[in-house]
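Read off the chains here:
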Amino acid sequence: MPLLPRSSSENEPYRAALRHAIRSSKALLEFVGVKSPLLRPEVLQQPDFPVLVPRGFASRMKYGDPGDPLLRQVLAMPAELVDAPGFIKDPLAETQTGTDVNPAPALIKKYHGRALLITTSGCAINCRYCFRRHFPYAEHRDQKHTQALAAISADSSISEIILSGGDPLLLDDQALATLIEKFEAIPHLKRLRIHSRIPVVLPERITPQLLSLLKKTTLKTALVIHANHPNELDNQTARVLNDLKQASALLLNQSVLLRGINDSASVLISLAEKLYDQSVQPYYLHMPDRVAGTSHFHVNDEEAKIIYGKMQAHLPGYLLPRLVREIPGENSKHLLDIQLKDE
Ligand SMILES: *Cc1c(COP(=O)(O)O)cnc(C)c1O
Ligand code: SF4
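Conventions used here
Residues numbered from 1 in each chain as written. Chains lettered and ligands numbered in written order. Predicted model: local features only at pLDDT ≥ 70, side-chain atom pairs only at ≥ 80, totals over all residues. Heavy atoms only, no water. Near = heavy atom within 4 Å. Nonpolar A, V, L, I, M, F, W, Y, C, P; charged D, E, K, R; others polar. Buried < 20%, exposed > 50% of the residue type's maximum accessible area, 1.4 Å probe, protein only. Helix = DSSP H or I, 4+ residues; strand = E, 2+ residues; numbered from the N terminus. Right-handed = clockwise from strand over helix to strand, strands pointing away. Pairing = 2+ DSSP bridges. Core = buried A, V, L, I, M, F, W, Y, C linked by side-chain atoms within 4.5 Å. Contact = heavy atoms within 4.5 Å. Polar contact = N/O pair within 3.5 Å; in protein donor to acceptor, adjacent residues only side chain to side chain. Areas by Shrake-Rupley, 256 points an atom, 1.4 Å probe, with all protein chains shown as cover. Axes fitted to C-alpha atoms, helices over the stretch in contact; angles between N-to-C directions. Parallel < 35°, antiparallel > 145°, perpendicular 65-115°, else oblique. Left-handed = near helix turned anticlockwise from the far one by under 90°. Salt bridge = Lys/Arg side-chain N within 4 Å of Asp/Glu carboxyl O.

Participant: How would you explain the site of ligand 2 if you had to name every residue and give the values?
Facilitator: As a matter of local geometry, ligand 2 sits amid Cys123, Ile125, Cys127, Cys130, Arg132, Arg197 and His226. Along the lines of polarity and charge, the residues of the shell around ligand 2 split into four nonpolar, one polar and two charged.

Participant: A description of the pairing of strand 6 (residues 250-256) should follow, citing residues and the corresponding values.
Facilitator: Summarising burial for strand 6: six of the seven residues are buried, a large majority. Running through helix 10 (residues 235-247), the crossover from strand 5 (residues 220-226) to the neighbouring parallel element strand 6 is right-handed. Note: strand 6 against strand 7 (residues 281-286), five bridges, orientation parallel. In the strand pairing of strand 7, serine 255 is matched with leucine 285. Taken together, strand 6, helix 11 (residues 265-277) and strand 7 form a β-α-β motif whose crossover is right-handed.

Participant: Outline the nonpolar core, supporting the account with residue identities and numerical values.
Facilitator: Formed by 96 residues in total, the largest nonpolar core has its most connected members in Leu28, Val53, Met61, Leu117, Phe183 and Met311. With near-sequence residues (within four places) excluded, valine 53 lies in contact with Ala21, Ile22, Leu28, Ala58, Met61, Val74 and Ile125.

Participant: For the site of ligand 1, give the residues involved together with the corresponding values.
Facilitator: Taken together, the residues surrounding ligand 1 are Ile108, Lys110, Tyr111, Arg114, Leu116, Ile162, Arg193, Tyr283, Tyr284, Glu326 and Lys333. Between an oxygen atom of ligand 1 and a side-chain N or O atom of arginine 114, the distance comes to 2.7 Å. Considered on its own, ligand 1 offers 380 Å² of accessible surface; in the complex 92% of this is hidden by protein. When residues of the shell around ligand 1 are traced back to their parent elements, those giving at least two are strand 2 (114-118) and strand 7. Partitioned by chemical class, the residues of the shell around ligand 1 number six nonpolar, no polar and five charged.

Participant: Can you break down unusual backbone geometry residue by residue, with the values?
Facilitator: Residue glycine 166 is reached from glycine 165 by a cis peptide bond, and omega for that bond is 15 degrees. As for its placement among the helices and strands, glycine 166 is situated in the loop between strand 3 (160-164) and helix 7 (173-184). In this structure, histidine 145 takes a positive phi of about 60 degrees despite not being glycine. Following the sequence through the fold, histidine 145 ends up in the loop between strand 2 and helix 6 (146-154). In this model, serine 279 sits at a positive phi of 75 degrees, which is unusual for a non-glycine residue. If you trace the backbone, serine 279 turns up in the loop between helix 11 and strand 7. Accessibility expressed as a relative area gives 23% for serine 279, which makes it partly exposed.

Participant: Give a detailed account of the packing of helix 11 against helix 12 (residues 301-314), specifying residues and quantitative values.
Facilitator: When two helices pack together, their arrangement is captured by the angle between the axes and the distance separating the axes. At a minimum axis distance of 9 Å, the contact between helix 11 and helix 12 shows a crossing angle of 45 degrees. Overall, the two elements helix 11 and helix 12 adopt an arrangement that is oblique. At the point where helix 11 passes helix 12, the crossing takes the right-handed sense. The segment helix 11 lies against helix 12, with Ala265, Leu268 and Ile269 engaging Ile307, Lys310, Met311 and His314. Here the residues of the contact of helix 11 with helix 12 sort into five nonpolar, one polar and one charged.

Participant: Can you explain the pattern of salt bridges? Please cite residues and give values.
Facilitator: Applying the stated criterion to the full structure yields 13 salt bridges. When the shortest N-O distance is used, the salt bridge between glutamate 326 and lysine 110 registers 2.4 Å. In this pair, glutamate 326 sits in the loop between strand 8 (322-325) and strand 9 (334-335) while lysine 110 sits in the loop between strand 1 (107-108) and strand 2, placing the two residues 216 residues apart along the sequence. For glutamate 326, a relative accessible area of 18% translates into the label buried. Where glutamate 160 meets arginine 191, a salt bridge forms, and the shortest distance between an N and an O atom there is 2.9 Å. Here glutamate 160, found in strand 3, pairs with arginine 191, found in strand 4 (residues 191-195); they are 31 residues apart in sequence, far enough to count as distant. Arginine 191 gets classed as partly exposed once you look at its relative accessible area, which sits at 36%. Connected via shared salt-bridge partners are Lys110, Glu326 and Lys333.

Participant: Tell me about the pairing of strand 2, residues and numbers included.
Facilitator: For strand 1 and strand 2, the ladder comprises two bridges, and the chain directions are antiparallel. Bridging from a neighbouring strand, isoleucine 108 pairs with leucine 116 of strand 2. If you look at the hairpin formed by strand 1 and strand 2, you'll find five residues sitting between the two strands, and glycine 113 has a positive phi there, around 80 degrees. As defined by bridge partners, strand 2 adjoins strand 3 across five bridges and the pair is classed as parallel. In the strand pairing of strand 3, leucine 116 is matched with isoleucine 162.

Structure, rendered in C-alpha cells:
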C-alpha cells in the first residue's frame, strides 16, 4: 500500500518560505539592522556557495548585533577567502566514486551496518562552516538512486539507511514516500535515519503528510537535527519537534563546535537543556572539519577539551553529547580523549 495518497505539494507554505528566503549578505544585514564596515563588498556575494537564510531563522537573530551567533553561522565573511594551511576542499576524502567507501553514486558506506545516501544537493540554509560548500554533487547525481538501491539490496550487512544531503527534507513528501517504500522492500533494512537541519531552520516544512509518513513506515525511524546555539530554538521549533517526537522513535541533535558561536560551556549547557525541553537528546558535538574557507571557525583540541570538561561537570550523562571528529579511514567517529583534571 502506498505510504501517501498521490497529490501535489506545490502549494505547501514551506515552498513560499523558501522562495522568500534571504539570498545575499546585503539583504541579510539589512534584515537584522547591522551596518558593518568590516565586510568587504567583494565577498558579500559568493557565487559558489551563496548566502541562503529563511526569514524565520533570521528573525531569531538579535536586531543590530553584528556578533549574533545565528548571524555568524550564515553571513559570508571576508575570512572565508583566507587560504589557511591544512584546510582543504575534501578533508573527509568522501568524494571519489567507485571506491569501497563509495559503492554507488550518492552512497557512502564508511561504517559497519550503516549506509548514507545523499538525496539532494540543496539545503534550506547555507551554513558557512559546512563541508558541503565544496562537495562535487554533480558527480553523485542519480535521482532515482537506482545504483545505490541495488548496492544496498546486495549488501545484507546494511541494517540502517541514513538520508543525508544537502538536506533530505527538501525532497517533497511524495519523493520521500517513494524512496521509503523502496527501502521497506529491502528485507535487511531495519532502521531509517534522517539527518536534517530543516526542523530548526524551516519548521514550516514539517507537514502533516510528512508526520504521517514517518508514523506509517515499518522502519524504525530516527531524526538527527542540527542546532548549534540555544537561540535557534523557539516556540515554533518546540511545536514541530514535539510533533516529530510523536511520529518517530528517536530525536537527536548534532552540533558543530564553532569559534565565536558556541565555543563556551555555558552556551552548550544551555543548548543541551533547551534541546531536552524540546524533546531532543544531544548526540554529537563535532570538532569542525578542516574545510577550505572555514579556518576562522576553528577551535583547537585543548580549548575543546576544557569546554567539554565543564559540560561534563554540569550535565547529566544523558544530556552530554559525544565530542567527536571524523578521521578518514577510521571505522567510527573518533571520540576525543578527555582527561578530566582535578581542580
Ligand atoms: C557520521 C556518519 C554516519 C553515522 O555515524 P553514527 O556514529 O552512527 O552516527 C554514517 N555514515 C557516514 C558516512 C557518516 O559520516
Ligand atoms: S549540510 Fe547542514 S550544515 Fe551544511 S549547509 Fe546544509 S544545513 Fe548547513
